[in-house]
Amino acid sequence: MSSSSTAEALQAWWMPFTHNRHFKAHPRLIESAAGAYYTLQDGRRVFDCLSGLWCTPLGHAHPKIVRAVQQQVQRLDFAPGFQFGHGAAFELAAKIAKLAGRPSDRVFFANSGSEAVDTALKIAIAWHRTRGEASRTRIIGRERGYHGVGLGGISVGGIPSNRKMFAPLMVPGVDHLPHTYDAAQMRFTRGQPQWGLHLADELERLIALHDASTIAAVIVEPMAGSAGVIVPPRGYLERLREICTRHGILLIFDEVITGFGRLGTPFASQYFGVTPDLTTFAKAVTNGVVPMGGVLAGEKVYDVFMTGPEHAIEFFHGYTYSGHPLAAAAGHAAIDALLEDKLIERANELAPVLEDAVHTLRDAPHVIDIRNFGLAAAVELEPQAGLAGMRGMHALERGLDEGLLLRVTADTIAVAPPFISSADEVKAMIESLRRTLRALP
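Notes on the structure follow. (Residues numbered from 1 in each chain as written. Predicted model: local features only at pLDDT ≥ 70, side-chain atom pairs only at ≥ 80, totals over all residues. Heavy atoms only, no water.)

Digging into the overall build of the chain
For step 1, the next point in the chain: A tally of regular secondary structure across the chain gives 17 helices and 15 strands.
For step 2, the next point in the chain: The C-alpha radius of gyration of the chain comes to 22 Å, within 12% of the 22 Å expected for a compact globule of 441 residues.
For step 3, the next point in the chain: Buried residues in the chain amount to 55% of all 441 residues.
For step 4, the next point in the chain: A separation threshold of at least 6 residues defines the contact pool for the chain, and within that pool the share at least 24 residues apart is 72%. (Helix = DSSP H or I, 4+ residues; strand = E, 2+ residues; numbered from the N terminus. Rg over C-alpha atoms; globule rule 2.2 N^0.38 Å. Buried < 20%, exposed > 50% of the residue type's maximum accessible area, 1.4 Å probe, protein only. Contact = heavy atoms within 4.5 Å.)

Digging into the packing of aromatic side chains
For step 1, the next point in the chain: In the structure shown here, the tally under the stated rule is nine aromatic pairs.
For step 2, the next point in the chain: A centroid spacing of 5.0 Å and a plane angle of 75° characterise the contact between Tyr 271 and Phe 272, whose relative ring orientation is edge-to-face.
For step 3, the next point in the chain: According to the relative accessible area criterion, Tyr 271 is partly exposed, its value standing at 39%.
For step 4, the next point in the chain: When the centroid spacing of 5.9 Å and the interplanar angle of 35° are considered together, the rings of Phe 272 and Phe 373 count as tilted. Here Phe 272, found in helix 12 (residues 268-272), pairs with Phe 373, found in the loop between strand 11 (367-372) and strand 12 (377-381); they are 101 residues apart in sequence, far enough to count as distant.
For step 5, the next point in the chain: Of the residues examined, Phe 272 reaches a relative accessible area of 9% and is grouped as buried.
For step 6, the next point in the chain: Given the relative accessible area of 4%, Phe 373 is considered buried.
For step 7, the next point in the chain: Ring-pair connections join several aromatic residues into one group, and the members of that group are Phe 108, Phe 305 and Phe 315.
For step 8, the next point in the chain: A cation over an aromatic ring shows up here: Arg 362 above the ring of Phe 188, its NZ or CZ 4.2 Å from the ring centre. (Phe/Tyr/Trp six-rings, centres within 6.5 Å; stacked < 30°, edge-to-face > 60°. Lys NZ or Arg CZ within 6 Å of the ring centre and 35° of its normal.)

Here we look at the nonpolar core
For step 1, the next point in the chain: Counting residues in hydrophobic clusters, the biggest one holds 63 residues, and the most contacted among them are Ile 96, Phe 109, Phe 260, Phe 281, Leu 354, Ile 413 and Met 429.
For step 2, the next point in the chain: With nine residues, the top contributor of residues to this core is helix 14 (residues 325-340).
For step 3, the next point in the chain: Once you skip the residues sitting within four places of it in the chain, Met 429 turns out to touch Phe 47, Cys 49, Leu 354, Leu 404, Val 415 and Pro 417.
For step 4, the next point in the chain: Judged by nonpolar contacts, the second largest core, of 34 residues, contains Ala 200, Val 231, Leu 237 and Ala 414. (Core = buried A, V, L, I, M, F, W, Y, C linked by side-chain atoms within 4.5 Å.)

Details of the pairing of strand 10 (residues 293-297)
For step 1, the next point in the chain: Taking burial as the measure, the five residues of strand 10 include five buried ones, the bulk of the element.
For step 2, the next point in the chain: Going residue by residue along strand 10, you find Gly 293, Val 295 and Ala 297 tucked away on one face and Gly 294 and Leu 296 tucked away on the opposite face as well.
For step 3, the next point in the chain: Note that strand 4 (residues 106-110) and strand 10 share five bridges and pair antiparallel. Residue pairing for strand 10: Phe 108 is matched across the bridge by Val 295.
For step 4, the next point in the chain: Where strand 9 (residues 278-281) lies against strand 10, four bridges are found, and the strand directions are antiparallel. Paired with Thr 280 across the bridge in strand 10 is Val 295. (Pairing = 2+ DSSP bridges.)

Things to note about helix 5 (residues 87-99)
For step 1, the next point in the chain: Taking 1.5 Å per residue, 13 residues should reach 18 Å; helix 5 reaches 18 Å between its end C-alpha atoms and fits that length.
For step 2, the next point in the chain: Every buried residue of helix 5 is accounted for by Ala 89, Leu 92, Ala 93, Ile 96, Ala 97 and Leu 99. Across the axial projection of helix 5, the buried residues extend over an arc of 160°, all falling on one side. Relative to its buried face, helix 5 has exposed residues pointing more than 90 degrees away, namely Phe 90 and Lys 98.
For step 3, the next point in the chain: Structurally, helix 5 contributes buried residues whose contacts are with strand 4, helix 12, strand 9, strand 10 and helix 14.
For step 4, the next point in the chain: One or two steps after helix 5, the chain reaches Gly 101, where phi turns positive at roughly 80°. (Expected span 1.5 Å × (residues − 1). Arc of directions from axis to C-beta.)

Below you can see the structure in the form of structure tokens.
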């Protein structure tokens, strides 16, 4: 982007989740990326502290993925997914199900985490209806949950700023579990907190309030990433599974962030030993190279739909780009690289390195909490009086001068480095973050 065209062009893009007026007055433009680093337009090389947006654990410009996408666009650039298919999409579905440890699951492809969530919600409602339980229409989400920005996702999500403007459009019949973070009980916890298992029993209260016969599904993130790495208490997810099973309610895990190795296992469900009925995924499935998402559906869910005349459509839902050939090619290459290069094991090895390093920031300026889980951590800063989010924005901007591209949600800094990072790079990231914090007003 030449300097002569920058000013005019900056006005054209209405940017997502961005303070557009401030950004366009002080633009931060990325020029290129390779490995674990971005290069900004002004020439600064910065470490990718959050693997893109949780989506590039293999680093950038991975040669296997680049080659696969280049070859695919020459061979088959688009194929309709309605009444037709192409082999790579079927093979990728089987590969994902096997990776999740549930080879009999079926995969419904979408194009993003938001679409995956809305798809999972529709599957859940339709499943009960097909079984003759049409009264099960209620979905239970969780406070501070993030499930994308589709109308279903913001309805079951629990982040107020994502919901407040769109109340007239939200799905009715949604309730929320309390979130699982209590600073007084959990501050500076390493890994899973010991306190908080009882919060899962709030689901029993909601079931008593609404009656199980009206509830279709419960949806939670195994680890809440977008809200600032909120880690589940020990036994919490296991208890949710028990309650859902007892009352005939489907359990949905939103693994858009935790899928494909972030916790040191392919999916979080394997880490916890908890099998959900539906699992959403996206982001790292293609290493962020081509948009793709999807839903893993248990065999018992899929089989209920496979009734009626064989020539009839069983589930009236889908997207023009479901199972897109370029996304499928990127997905195959990304998963192959993940396994062949043993990068899930690498993430598991780096997790304690990150844990030890990030907790050394406990006495750094402005820090009021540190949380970590798998290869992810959050450093929460004390907000400036009357200016919530300002200190976080200063950290993001100052971080660039220290060689870091940070992800900030309000006054919480999240880090989730690429799996290809070295231990020294992870430690250096934290030292650069320490200098960033010291420089903040």
